[in-house]
Amino acid sequence: MIIVVGGGIAGIVSAILLQKKFGQVCLVEQSKKIGGLYRSIDCKLNVTFDHGSHFLQSSGIPELDRIILEEISSEKWLELGNLKGGGYYKSKFNTQTHFLDARNLPSNVYEKGIVEVLNITNSNPNPLNLEDQLYSFYGKTFTNEIFRQILSEKYYDCNLNELSPDTHGLIGLNRILGFTSEASREIKLSKLYDQKFAFHSLQDYQSPYKNYYPKKGGIESWINLLEKKLNSLNIQIITGAKITNIEHNNGIVQSITFDDGRIFNCTKIIWTVAPSLFLKSSNLLNKNELLKPPKQIHTSLHHFVFDKPFLTDVHFVQCHEPTFKTFRVTLYPNIQKSKNNISHLTAEVIEPIASDLGELKKKVLSELIQIGIVSKESNLLFQDSELLTKGFPLPTIELKNNNKMYLDLAKKKIKNVTFLGRASGDSFTAGPVLSGVYRTISNLA
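Residues numbered from 1 in each chain as written. Predicted model: local features only at pLDDT ≥ 70, side-chain atom pairs only at ≥ 80, totals over all residues. Heavy atoms only, no water.

1. What about helix α2 (residues 62-69)?
Looking at α2, one finds that the buried residues are Leu64, Asp65, Ile67, Ile68 and Leu69. In this structure, the buried residues of α2 make contact with α1 (9-22), β5 (56-57), β11 (211-214), α7 (220-232) and α12 (430-442). (Buried < 20%, exposed > 50% of the residue type's maximum accessible area, 1.4 Å probe, protein only. Helix = DSSP H or I, 4+ residues; strand = E, 2+ residues; numbered from the N terminus. Contact = heavy atoms within 4.5 Å.)

2. Let's talk about the pattern of salt bridges
A complete count under the given rule lists 13 salt bridges for this structure. Here Glu70 ties to Lys229 by a salt bridge, and the two come within 2.0 Å at their closest N and O atoms. With Glu70 in the loop between α2 and β6 (77-79) and Lys229 in helix α7, this pair connects stretches of sequence that are 159 residues apart. The salt bridge involving Arg262 is made with Asp260; its shortest N-O contact spans 2.8 Å. Here Arg262 falls in the partly exposed class, since its relative accessible area comes to 34%. (Salt bridge = Lys/Arg side-chain N within 4 Å of Asp/Glu carboxyl O.)

3. A closer look at the packing of aromatic side chains
The description of an aromatic ring pair rests on the distance of the ring centres and on the angle between the ring planes. For the coordinates displayed, the defined rule picks out 17 aromatic pairs. Centroid distance Phe49 to Tyr332: 6.1 Å. Interplanar angle 75°. Geometry classified as edge-to-face. Of this pair, Phe49 sits in strand β4 (residues 48-50) while Tyr332 sits in helix α9 (residues 332-336), and the two are 283 residues apart along the sequence. Like Tyr332, Phe49 is buried. A centroid spacing of 5.2 Å and a plane angle of 75° characterise the contact between Trp271 and Phe278, whose relative ring orientation is edge-to-face. The burial state of Trp271 is the same as that of Phe278; both residues are buried. Members of the aromatic cluster, each reached through a chain of ring pairs, are Phe49, Tyr332 and Phe382. Lys196 extends its terminal NZ or CZ atom over the ring of Phe137, reaching a point 5.0 Å from the ring centre. (Phe/Tyr/Trp six-rings, centres within 6.5 Å; stacked < 30°, edge-to-face > 60°. Lys NZ or Arg CZ within 6 Å of the ring centre and 35° of its normal.)

4. A closer look at unusual backbone geometry
Trans is the common state for peptide bonds, and a negative phi is the common state for residues other than glycine. Its identity is not glycine, yet Asn250 carries a phi of approximately 55°, on the positive side. Mapping Asn250 onto the fold places it in the loop between β13 (243-249) and β14 (252-258).

5. Comments concerning the state of the cysteines
With the rule as written, the count across this model stands at zero disulfides. Looking at the unpaired Cys26, the closest cysteine sulfur is the one in Cys266, lying at 9.6 Å. The exposure class assigned to Cys26 is buried, which follows from its relative accessible area of 0%. (Disulfide = S-S within 2.5 Å.)

6. A short note on the sheet that holds strand β15 (residues 263-265)
Strands sit in the order β13-β14-β15 across an open sheet of three strands; the sheet is antiparallel. Each end of this open sheet is capped by a strand with a single partner; those strands are β13 and β15. Strand-to-strand twist in this sheet, taken as the mean axis angle between neighbours without regard to direction, amounts to 25°. When β14 meets β15, the two strands line up antiparallel, connected through three bridges. From the neighbouring strand, Thr257 faces β15, where its bridge partner is Ile263. (Pairing = 2+ DSSP bridges. Axes fitted to C-alpha atoms, helices over the stretch in contact; angles between N-to-C directions.)

7. Some points on the sheet that holds β11
Strand order across the open sheet formed by three strands is β5-β11-β6, with antiparallel pairing between neighbours. The sheet terminates laterally at β5 and β6, the two strands that pair on one side only.

8. Structural notes on the pairing of strand β7 (residues 85-89)
Of all five residues in β7, five are buried, a share of seventy percent or more. Of the two faces of β7, the one holding Gly85, Gly87 and Tyr89 and the one holding Gly86 and Tyr88 are both buried throughout. Across three bridges, β7 lies against strand β8 (residues 92-94) in antiparallel orientation. Residue Gly87 lies in a different strand from β8, and its bridge partner there is Asn94. Connecting β7 to the antiparallel partner β8 that follows it, the hairpin turn spans two residues, and Lys90 within it adopts a positive phi of roughly 55°.

9. Here we look at the nonpolar core
Ranked by internal contacts, the top residues of the largest apolar core, which has 52 residues, are Leu56, Ile68 and Trp222. For this core, the element with the highest residue contribution is α1, accounting for eight residues. Counting 34 residues, the second largest nonpolar core, distinct from the first, contains Tyr110, Phe137, Ile187 and Phe327. (Core = buried A, V, L, I, M, F, W, Y, C linked by side-chain atoms within 4.5 Å.)

10. A few points about the side chain of Asp101
Its place among the elements puts Asp101 in strand β9 (residues 100-101). If sequence neighbours within four positions are ignored, Asp101 has contacts with Tyr89, Asn94 and Leu177.

11. With respect to the packing of helix α3 (residues 107-119) against helix α4 (residues 130-156)
Relative to each other, α3 and α4 sit at 155°, their axes nearing to 6 Å. In terms of their interaxial angle, α3 and α4 are classed as roughly antiparallel. The hand of the α3/α4 crossing is left-handed. Touching Val109, Tyr110, Lys112, Gly113, Ile114, Glu116 and Val117 of α3 are Phe137, Tyr138, Gly139, Lys140, Thr141, Phe142 and Glu145, all from α4. Residue composition of the contact of α3 with α4, grouped by class: seven nonpolar, three polar and four charged. (Parallel < 35°, antiparallel > 145°, perpendicular 65-115°, else oblique. Left-handed = near helix turned anticlockwise from the far one by under 90°. Nonpolar A, V, L, I, M, F, W, Y, C, P; charged D, E, K, R; others polar.)

12. Some remarks on the side chain of Glu386
Here Glu386 shows up in strand β21 (residues 380-387). Of the buried charged residues, Glu386 lacks a salt bridge, with Arg39 as the closest side chain of opposite charge at 9.0 Å. At 2.9 Å, the side chain of Glu386 and the side chain of His51 are in polar contact. Of the polar contacts made by the side chain of Glu386, one reaches the side chain of His303; its length is 2.9 Å. Not counting chain neighbours up to four residues away, the residues in contact with Glu386 comprise Ile41, His51, Thr299, Ser300, Leu301, His303 and Leu357. (Lys, Arg positive; Asp, Glu negative; His and termini not counted. Polar contact = N/O pair within 3.5 Å; in protein donor to acceptor, adjacent residues only side chain to side chain.)

Okay, structure coming up:
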């Protein structure tokens, strides 16, 4: 038997691919439900809010897409193509794109920054940290006036030189706007500048990847379809179970033991959660050798229902305003083209220190009006806020090095374990995670 540890999308898709290739598979998840961040919750007004990730996206890999899209019918699902995003920065709401518009900076700062960017001809291919990367990519002015204010002060509460390269991409700052729409189309013909600057609207670029969302309900509908597929393939699903011991001999895992005493023999383990947990469960490190847990970034979700339509038709809004708490807003009626008399949304907040949820909810509600999403005349019909207990680790250089150390040690000690998804250091976004899962399992002997 092959045991897959972790019931997020990496674990689910791994289990399906493994069953097709090897046969008997067991999927293990510590929570009561599989799906990871792809969860949804209902409220008494008969609307649904997503609990984490929102959209299902095609991968561009035919066999993988057959698995993740097999039950996605046009009768129950919307094919959205490019998502329509909005961006808020320096008190200006851009309803054409979610990318940050550097032209909103004071003119002297913008002009100095854009000259620096255009004069950079060779970016550092191996930056030591995020600050090093941004200096060599965007120059000091934009790094200090844009990225430092948002990343260091709003989200992470640490210096840029403590953060891993590419961390800015996690919150939608992988590209910025810097010119007119026409000038951007021209400058993006250069590979050098295409990586730095964004198009201005959906009309400028059509992604080859499709986005999907259910016509009714939330994104957990996708997980329900995948769970049916797991059951149809006779893949055993164990939820609400914690692994307390991994038995191994001569570098080969032989069995796992759960907290209720059950023991499962196995020939291979696919591990999709933190590699440090594998080392701890397999007694390859004692408690004194395990490094202290990383600092957590806190995520809270704020769900609202209003009695009037929203003031914009965008699918989501990325809030880049450093002084605002709001990180991202998802507007469900705009996605589902709902004609109900009520409008509902979820606002996400990312912060280094968790705020009082009651006060945070009031601030977010005020920001929704200031941004231009919700009318001042709207009446609030429902509100609920929740702090996601797991959060996510602060993406520092230290964390990256520690995870690599754990991963290298586990691979050195144990032969029949494969680390996939975030356990392998892959991206936090679904597309790269699933593509990595597919490539790795395709090459497994």
